[in-house]
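Residue-level listing of the chains:
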Amino acid sequence: MKALVIGNCQARPLTQLVARATDAQMLEPIVLHLAKDGDQDVHAARMAEADIIFAQQTAENFARPWLRSNVVRANHPFVFVWPNIFWAGQQPFLRYMTHTTGGRMMGPLEALHDVRIYHDWLAQEGLITDRQSEFDSAYVARIREMSLAELQRREATCDVAITDVLGSYVDNRRLFFTFNHPTAFVLAKVASRLLKVSGFSSTQVEEPPDEPLGRYVVPSLWPDKPDHMQGDGYTLESGGQVSRRPGPPVRYNDQKLLAAFHEVYSHNPLFRDLSNIRFTPANGMDADIFKANGAPV
């Protein structure tokens, strides 16, 4: 039997988990965010070769129409859809930051930022009123609730779910490195459920010893050693730009990470242009906390 996984950064580790647990011949996965307009024929041939497809759920307006999960399901007899495993419950302060003209805002955690650190820098610079205290337990609970409800909504049209696992283990173990990088434990649970629903005789998926999505270890509600945050080296370029320095991950403790972010924010003037910065995932609360010249984000 030939099996194919279609998905985002979670597709390759899921492919490896299925390969270890079954005797299926795993085809090269199709990674959604790497797909180009000219790939349609190659992808169509690979899907036609597969006896079974595990397709990650996509939006109905996904940029490559032939990879939309509803289109894949309509065009292939054996397709099982799994959710985009995206949850902010253990990293409620983490956001991608994107400037309307400058693109993704880079730093020591790639384009990921902790809103508390950014807020602290803005307040020190006198750019906003200090409302740091609003990042409290009620804020965390609301982020967790909204993020879980959104994942449950997406799961409703999938063949497997994962929110019950998240709810059971949220306070007992690390489930995510970032909101879109689940641990091998979570990926193994999804792989096991996909094998079960698709009729494989063996559905026991062992959690691997490595963490394929663990490059970034960010400020989290899950406790870490104080010196065990992990990100990138970076270079301050001319014109305020910040570039990611290639190479192995860089370790940070709390003080070093705070200093690194403040250095990046002070170097790039676009971080002062708060009204043109978009936070992802959006939650409806940050706009009220972050104020730029008296105007909400």
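The coordinates are above.
Report on the accompanying structure. (Residues numbered from 1 in each chain as written. Predicted model: local features only at pLDDT ≥ 70, side-chain atom pairs only at ≥ 80, totals over all residues. Heavy atoms only, no water.)

Mapping Gln 57 onto the fold places it in the loop between β4 (52-56) and α3 (69-75). At 2.8 Å, the side chain of Gln 57 and the backbone oxygen of Arg 154 are in polar contact. At a separation of 2.7 Å, a polar atom in the side chain of Gln 57 contacts the side chain of Thr 157. Non-local contacts of Gln 57, meaning those with residues more than four positions away in its chain, are made with Ser 69, Val 81, Trp 82, Pro 83, Asn 84, Arg 154, Thr 157 and Cys 158. (Helix = DSSP H or I, 4+ residues; strand = E, 2+ residues; numbered from the N terminus. Polar contact = N/O pair within 3.5 Å; in protein donor to acceptor, adjacent residues only side chain to side chain. Contact = heavy atoms within 4.5 Å.)

What follows is about unusual backbone geometry. For the bond running from Thr 280 to Pro 281, omega is 0 degrees, close enough to zero to count as cis. For Glu 110, which is not glycine, the phi torsion reads 60 degrees and is therefore positive. The topology assignment puts Glu 110 in the loop between β7 (103-104) and β8 (112-114). Since its relative accessible area comes to 21%, Glu 110 is described here as partly exposed. (Buried < 20%, exposed > 50% of the residue type's maximum accessible area, 1.4 Å probe, protein only.)

Relative to strand β12 (residues 242-252), strand β11 (residues 229-236) is paired through 7 bridges, and the arrangement is antiparallel. Considered in β12, the bridge of Tyr 234 is made with Arg 244. (Pairing = 2+ DSSP bridges.)

For the rest of this paragraph, the subject is helix α2 (residues 40-49). Restricting attention to buried positions, one finds in α2 the residues His 43, Arg 46 and Met 47. What you see down the axis of α2 is that its buried residues fit within an arc of 100 degrees, all on one side. Exposed and oriented more than 90 degrees from the buried face of α2 are Asp 41 and Ala 48. Contacts from the buried residues of α2 go to β1 (2-7), β3 (30-31), β4 and α3. (Arc of directions from axis to C-beta.)

The next thing to look at is the packing of helix α4 (residues 115-124) against helix α8 (residues 254-267). At a minimum axis distance of 10 Å, the contact between α4 and α8 shows a crossing angle of 55 degrees. Taken together, α4 and α8 sit at an angle that is classed as oblique. As for the relative orientation of α4 and α8, their crossing is right-handed in sense. Contacts between α4 and α8 pair Ile 117, Tyr 118, Asp 120, Trp 121 and Gln 124 from the former with Leu 257, Leu 258, Phe 261, His 262, Tyr 265 and Ser 266 from the latter. (Axes fitted to C-alpha atoms, helices over the stretch in contact; angles between N-to-C directions. Parallel < 35°, antiparallel > 145°, perpendicular 65-115°, else oblique. Left-handed = near helix turned anticlockwise from the far one by under 90°.)

Here helix α5 (residues 137-155) is 19 residues long and its end C-alpha atoms lie 27 Å apart, about the 27 Å a rise of 1.5 Å per residue gives. The inward-facing, buried residues of α5 abut β6 (94-99), α4, α6 (163-169) and α9 (286-289). The distance from a side-chain oxygen at the start of α5 to the backbone nitrogen of Ala 138 is 3.2 Å, and the residue carrying that oxygen is Asp 136. (Expected span 1.5 Å × (residues − 1).)

Here Met 97 shows up in strand β6. Along the sequence, Met 97 and His 33 sit 64 residues apart, while their C-alpha atoms lie 18 Å from each other. The residues contacting Met 97, other than those within four sequence positions of it, are Gly 103, Arg 104, Met 105, Ala 111, His 113, Tyr 118, Phe 271, Ile 277, Arg 278 and Phe 279.

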